[in-house]
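Secondary and tertiary structure notes
Here is what each chain is made of, one letter per residue.
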Amino acid sequence: MKLNPWAKVGTLAVVVMASVALLGGSIIVRNSPGNFNAGLTRPVGDGDTPGGLLRLGSSLPCDSLDPAKTFDSWCAVVHRTFTRNVMSFAGKPGDQGLVVAPDLAAGLPVTNAEKTSWTFTLRSDVFWSDGTAVTAADVKYSVQRLYDDSLQSPVSLDALCLLSTCNSGKPDYLGPYVTPNEDLPSIVTPDDRTITFNLSRTFYEFPRLLATPQFAPIQKSRDISLIQAGSTYASNPASNGPFVLTIDQAELQYSFTKNQMWTQASDGIRIPKVDAMSWKVFPNADSTDQALLAGEIDVKLNYGLAQTARDATLAERSKRALIDNPEMSFVNFLVVSPTVAPLDRAPCRDAIFYALDKADLQNVRGGSASAAIAHSLSSPTILGYESSYNPYPSGSDESGNIRRAKQSLAQCGYPDGFQVNMAYVEIGIGRDIFLSVQKSLARIGIVVDPIEYANFAEYFTTGLGSPENMSTQEIGLASTGWGPDFSSSYSFWSPLADGRKIKPSSNLNFAELNLDELNLLLDSLEVAETPAETARISREIELLVMSESVYLPYAVDRIVLYRPKALTDVYVQIALGNQYDLVNIGKQENSQ
């Protein structure tokens, strides 16, 4: 489940290449002027002659500059500046950013009918910054090392078992560090430019998996030499992207200079405008925000403005126009268990859906800048999401539809309400969420009693994650949330709704849904071949799941991003942590 964006319990159109002339001293194509949330749907900022220095800042460094090890979703746009994937998410705003396109690959893969064999031909014009070619051996080695426990890669076991036997629930292959003389025969490299992945099962989304930061190929020779020197790949990563990264560990500062071996003709994803980038790590979030608003840096990394700067910036009309407030991939919801009486009656569940005060829960989560009210369960970052879908309207002010809720109570045979237990974790705002739910449901006579858990590990294994415990403790409501792996519709829906995946412990199908029609739709979603087909099936799944009234969405997390007027071609890359796509940002050095 997506407690951590890359937690191991989950599964983990070709972009038209821009003309090289755009970077040869000519004027860059002009974009629309910005306003609030403009960067969610289009590149913002009038172009000017290319060049200059883009200054980055953050309150934390990336958890790792080794792509295999990174957990932090915001680091994806950093890795994208110096690493390339076999397939990559498009350099586009909005839904277009969910599209996966060839990157190191010369074109789309050749695959068999079962989608178990995927063959990629690598480009012949891609090089590491030392001048050596990127080869199929680099790609294979990079995947092999994901299996090594010493890396603690966040790639899911489910994904790793696509390429290794897993007789005990985890891969039998241990990686090149532990077993350097053992091959991973599922990956075949007949020559330097050809690589075939033979999967253990049908998996239509394999190219999307390869587009995740963790699957970015590293330079095999660089990794081996660093290990021999007693160092790590993260300390001096190689570059095959537009920029070469240099690290000053003592000062926590980084510099990005042009990779002289990279060419625009080889890359249809990245269209860099600046000559160089710098990155400074500040003591805390507030000092980073101050530097951004004072013009000392151009882009803040790691999730956007903190509360003080966020509130002040949103309140100032002239600066509000420079804000993007994207919704993240994580959907917060209540499980409304259909196995606990009287919630085994659909109208009783409907009453809770209508009565919930989503506006109050939004405030609990920090207000509208930190959380958007959710009406649908699907994440805004997957294909098939429909912003207008709202099957259980909760009033014009989102505080609840009390009239409809009372009608549902009467239909379920409890006109005066009933009693129900609610589970939550007593960490952070967990109790505040419970108190909000308790208060809003009390308005229609539903009494909500608490069942507290001290930590998330227990909650998601033997608490909410245990169907038996849910039954014995008569837990009718539970607080949780969910987000998709690699912006995938299937990885969002399958754990939550596939009746064949219900487990006695660490169960993720919290509502214990097991509908033949739903399972068939999930099978169809897994083998969908086009974005349009994926979106259509995902919408059908949403309609069916929401009609069961078992998962009650109330908020999607948001961040506040600030883009100074000097920036050009700045947009939110939806698949990469909803951050600005750094590698494509330009800058007008003399902008006022």
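In case you missed it, the structure is sitting above this.
Residues numbered from 1 in each chain as written. Predicted model: local features only at pLDDT ≥ 70, side-chain atom pairs only at ≥ 80, totals over all residues. Heavy atoms only, no water.

This brings us to the sheet that holds strand 6 (residues 187-191). One open sheet accounts for 4 strands, arranged 4-5-7-6; its pairing is antiparallel. Two strands bound the open sheet, and with one partner strand each, they are strand 4 (110-111) and strand 6. Pairing of strand 6 with strand 7 (residues 194-198), which is carried by 3 bridges, proceeds in the antiparallel orientation. Opposite I187, over in strand 7, you have F197 as the bridge partner. The strands that helix 2 (residues 136-144) touches are strand 6 and strand 7; relative to strand 7, the one it contacts most, it runs at about 30°. (Pairing = 2+ DSSP bridges. Helix = DSSP H or I, 4+ residues; strand = E, 2+ residues; numbered from the N terminus. Contact = heavy atoms within 4.5 Å. Axes fitted to C-alpha atoms, helices over the stretch in contact; angles between N-to-C directions.)

Estimates place the volume of the largest cavity at around 100 Å³. Lining the largest cavity are 13 residues, with A76, R80, N85, A211 and P213 positioned closest to its centre. Of all the secondary structure elements, the ones that give two or more residues to the lining of the largest cavity are helix 1 (76-82) and strand 2 (87-89). For the lining of the largest cavity, the element with the most residues is helix 1, which contributes 3 residues. Considering only residue class, the lining of the largest cavity consists of 6 nonpolar, 4 polar and 3 charged. (1 Å grid on protein atoms, 1.4 Å probe; cavity = no way out; pocket = protein on both sides within 12 Å on 5 of 7 lines; lining within 4 Å. Points joined across faces, edges and corners; volume = space filled by probe spheres on them. Nonpolar A, V, L, I, M, F, W, Y, C, P; charged D, E, K, R; others polar.)

Before going further, it helps to spend a moment on the nonpolar core. One finds V78, F120, F197, F256 and W279 to be the most contacted residues of the largest nonpolar core, which totals 81 residues. Setting aside anything within four residues of it in sequence, one finds V78 in contact with C62, L65, F256, W279, L301 and L582. Counting 67 residues, the second-largest nonpolar core is a separate cluster that includes I444, Y459, F460 and Y554. (Core = buried A, V, L, I, M, F, W, Y, C linked by side-chain atoms within 4.5 Å. Buried < 20%, exposed > 50% of the residue type's maximum accessible area, 1.4 Å probe, protein only.)

Pairing between sheet strands relies on hydrogen bonds along the backbone, with the strands arranged either parallel or antiparallel. Here we have 5 strands laid out as an open sheet, ordered 8-9-10-1-11, and mixed in their pairing. Two strands in the sheet have a free side with no partner beyond their single neighbour: strand 8 (243-248) and strand 11 (299-300). When strand 1 (residues 53-58) meets strand 10 (residues 276-281), the two strands line up parallel, connected through 6 bridges. By the bridge assignment for strand 10, L53 is matched with A276.

On to the environment of P176, then. When you line up the elements, P176 lands in the loop between helix 3 (157-160) and strand 6. Once residues within four sequence positions are removed from consideration, P176 is found in contact with Y141, Q144 and R145.

Time to look at the environment of Y580. Relative to the helices and strands, Y580 resides in strand 22 (residues 579-580). Accessibility expressed as a relative area gives 3% for Y580, which makes it buried. On a C-alpha basis, the gap between Y580 and S221 in space is 32 Å, while along the polypeptide they are 359 residues apart. A polar side-chain atom of Y580 sits 2.6 Å from a polar atom in the side chain of D324. (Polar contact = N/O pair within 3.5 Å; in protein donor to acceptor, adjacent residues only side chain to side chain.)

What follows concerns the state of the cysteines. In this structure the tally under the stated criterion is 3 disulfides. Two residues share a disulfide in this structure: C348 and C412, whose sulfurs sit 2.2 Å from each other. Looking along the S-S bond of the C348-C412 disulfide, the torsion reads about 90°, which is the right-handed sense. Placement of C348 in helix 9 (residues 346-355) and of C412 in helix 11 (residues 402-412) is noted, with a sequence separation of 64 residues between them. One exposure class covers both C348 and C412, and it is buried. Ordering the disulfide-forming cysteines of the chain by sequence position, one finds them joined as 1-2, 3-4, 5-6. (Disulfide = S-S within 2.5 Å.)

Let us now look at the pairing of strand 8. Here strand 8 shows a clear split, with F243, L245 and I247 buried on one side and none of V244, T246 and D248 buried on the other. Pairing analysis gives 6 bridges linking strand 8 to strand 9 (residues 253-258), with the strands arranged antiparallel. What sits directly across from F243, in strand 9, is K258.

We now examine the pattern of salt bridges. Taken as a whole and assessed by the stated rule, the structure comprises 25 salt bridges. Between K115 and E529 there is a salt bridge whose closest N-O contact spans 3.8 Å. With K115 in the loop between strand 4 and strand 5 (117-121) and E529 in the loop between helix 16 (516-526) and helix 17 (531-547), this residue pair connects regions lying 414 residues apart in the sequence. We classify K115 as buried; its relative accessible area is 11%. (Salt bridge = Lys/Arg side-chain N within 4 Å of Asp/Glu carboxyl O.)

Turning our eyes to something else, we now look at the side chain of R84. For R84, the location among the structural elements is in the loop between helix 1 and strand 2. R84 gets classed as buried once you look at its relative accessible area, which sits at 0%. At 2.7 Å, the side chain of R84 and the backbone oxygen of S266 are in polar contact.

Within the sequence span of helix 7 (residues 307-315), burial applies to A309, R310, T313 and L314. Looking straight down helix 7, one finds that the buried residues subtend no more than 120° of arc, so they occupy a single side. Opposite the packed face of helix 7, turned more than 90 degrees from it, sit the exposed residues Q307, T308 and A315. Residues of helix 7 that are buried make contact with helix 6 (285-293), helix 8 (317-320), strand 12 (323-324) and strand 19 (561-562). (Arc of directions from axis to C-beta.)

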